[in-house]
Every structure is written in C-alpha cells, then in structure tokens.
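Observations on the model geometry
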Amino acid sequence: MLCVFLILDVEDEVTDSHPTTLVSADALTCIREERILFDELSFDIQAGDIVQIEGPNGAGKTSLLRIIAGLSRPYAGEVLYQGDNITRCRDEFNEDLLYLGHLAGVKSELTAEENLNFSLRISGYDEFEPREILSKVNLTGFEEALAGHLSAGQHRRTALARLWHTNCRIWILDEPFTAIDKKGVEELEQLFLAHADRGGCVIMTTHQDMSKIGDDKLRKIKLDYRFV
Ligand SMILES: Nc1ncnc2c1ncn2[C@@H]1O[C@H](COP(=O)(O)OP(=O)(O)OP(=O)(O)O)[C@@H](O)[C@H]1O
C-alpha cells in the first residue's frame, strides 16, 4: 500500500516578547517504510513558544521530535539552531537541549534518587540536590524505591523531575503527560508557561487537551496522512 501524506498547518504565530528564533525546520521530509510522513515541513520556533505537535497514532510525531533533536536524520531538509545547521553546532545545541523521549531514560534497577542524581551529574548540574527536586514532583518518601517498583505515573515523574532544574532553553518532550494525574498535568502546564516566560521553548507531542495553556501562547503543528 502506498501512502501519501500530510501536512500540516502551523497555526498563528504567537506574539511574544522573545523574538529570538531558537530552532527552525527547513523543508524537512521524513520517509519511513516507503511512507512519506511529512514533506517539506518548515517552521520557526521562537523563545517563548510552547509548541504542540498533533496527529493520529503513526502520523510521525515522535519521528519529527527525534529529527529536531538530532537523534535521527531527515530524508531531506535541515534543522537549524539559532540559524546554524545542528550538525555544525552539535555541542552548543546539545548543551541547550533537554530531550525526554517516550522511555525517558529512567533505569528500572536504580532508585528514583539514583536516577535523578545520574542525569543531573552527566548534565553537569552538580549543585542540585536530588531529594529537593524529587519533592517538587511529589516523590518524597519514594527516593529509595527502585524505579522499576514505582507506579507508571511515579516513574514518569522521576524522568520529568529534571525539568525543575535545568538551564536548557529547548525542551523536547515526547508525551510528557503520559500516566500523570490531573494535578501533575496542571503543575507541568504551569512549569511550561514559566519556562516560556523566561525565554525558553517547549516542543512536545501530546494527545492531551492543552487549552489551558491559552491560544495566545500555544502553537500547533499538525501532522496527518492518508492511505491510497
Ligand atoms: N526507525 C524506524 N524504522 C521504520 N519505521 C519507523 C521507524 N520509526 C518510526 N517508524 C514508523 O513511522 C511511523 C510514525 O511513527 P512515529 O512513532 O513517529 O508516530 P507517532 O505519530 O509518534 O505515533 P504515536 O501517536 O502512536 O506515538 C510509524 O508507522 C512507525 O512504524
């Protein structure tokens, strides 16, 4: 079966006080298993933007996030960080990027504290106290629990804890709300808004209704395809 595509509708630009373009996609094309997921997709993401990538299962949302993060290559087109192709400024881009994928890098055989400690140390954030951060994501009392023994939501919170202490401006988050309860979703939304107000950006996939973020703040990139 041949598949055709796509795209997409990059909704109205947000009016913001941070005009710096952090990330740009220039004519990105992604093909998987002879299926065009998106074709010549271009957009700019400014400091202060919260961007939701939308589309049905299999539309290519994770593929797009991974390409933006430089974890996989597009069939054609390029990703730019402040105007430079990310392959030419890899170190600077990585220093400014916090990527949390589907699996979120939490090791089941380590405790919640050990997991966070590890991710803070390899990112150079030695000054932060893991227990204090875990308290912010409601994991006080679970610091020494093995991540593999935590509930799905607590496991996800362990991964998301890093968002509370990072200097990275570019957050790329694949389904950050998965398994998170209502209060946790609200706290994350507030965190995203605060991050955007500080001049960061959030690029995420989610099937969650993001209307609380507000149309003035939220931009959407819609991916779609159809079979023929
Ligand atoms: N490395 C790969 N090799 C081959 N096919 C792939 C690869 N990665 C993704 N695909 C295919 O590309 C399509 C899009 O996958 P992707 O994970 O990007 O979709 P998605 O929109 O994030 O879906 P979901 O909402 O279910 O998470 C799927 O059909 C998937 O099987």
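Relevant structure appears above.
Residues numbered from 1 in each chain as written. Predicted model: local features only at pLDDT ≥ 70, side-chain atom pairs only at ≥ 80, totals over all residues.

**Here we look at the environment of L134**
Mapped onto the elements of the fold, L134 is located in helix α4 (residues 130-136). The spacing of L134 and A159 is 25 residues in sequence and 10 Å in space, taken between C-alpha atoms. Residues in contact with L134, not counting those within four places in the same chain, are A112, E113, L116, L139, T140, E143 and A161. (Helix = DSSP H or I, 4+ residues; strand = E, 2+ residues; numbered from the N terminus. Contact = placed C-beta atoms within 7 Å.)

**Thoughts on the pairing of strand β9 (residues 201-205)**
Burial runs high along β9: 5 of the 5 residues are buried. Residues of β9 alternate between two faces, with C201, I203 and T205 on one and V202 and M204 on the opposite face, all of them buried. As judged from the 4 bridges shared by strand β4 (residues 50-54) and β9, these two strands associate in the parallel manner. Counted as the bridge partner of I50 is V202 from β9. (Buried ≥ 20, exposed ≤ 12 C-beta atoms within 10 Å, placed from the backbone. Pairing = 2+ DSSP bridges.)

**Section: helix α1 (residues 61-68)**
Most of α1 is tucked away, with 6 of its 8 residues classed as buried. Of the positions making up α1, those classed as buried are K61, S63, L64, L65, I67 and I68. Buried residues belonging to α1 abut β2 (21-32), β3 (35-46), β4, β5 (76-81), β8 (170-174) and β9. Within two residues after α1, G70 carries a phi angle of roughly 80°, on the positive side.

**Structural notes on the site of the ligand**
Around the ligand, the neighbouring residues are R32, E33, L37, G55, N57, G58, A59, G60, K61, T62 and S63. For the shell around the ligand, the element with the most residues is α1, which contributes 3 residues. When its residues are assigned to classes, the shell around the ligand shows 2 nonpolar, 6 polar and 3 charged. (Near = placed C-beta within 6 Å. Nonpolar A, V, L, I, M, F, W, Y, C, P; charged D, E, K, R; others polar.)

**A short note on the environment of L150**
Relative to the assigned elements, L150 resides in the loop between α4 and α5 (152-160). The spatial distance from the C-alpha of L150 to the C-alpha of T111 is 9.3 Å, given a sequence separation of 39 residues. Beyond its immediate chain neighbours, meaning those up to four positions away, L150 contacts A112, F142, A145, H155 and T158.

**A short note on the pairing of strand β7 (residues 97-100)**
Side chains of β7 alternate between two faces, with L97 and Y99 and L98 and L100 buried alike. In this structure, β7 lies alongside β8, joined through 4 bridges in parallel fashion. Opposite L98, over in β8, you have W171 as the bridge partner.

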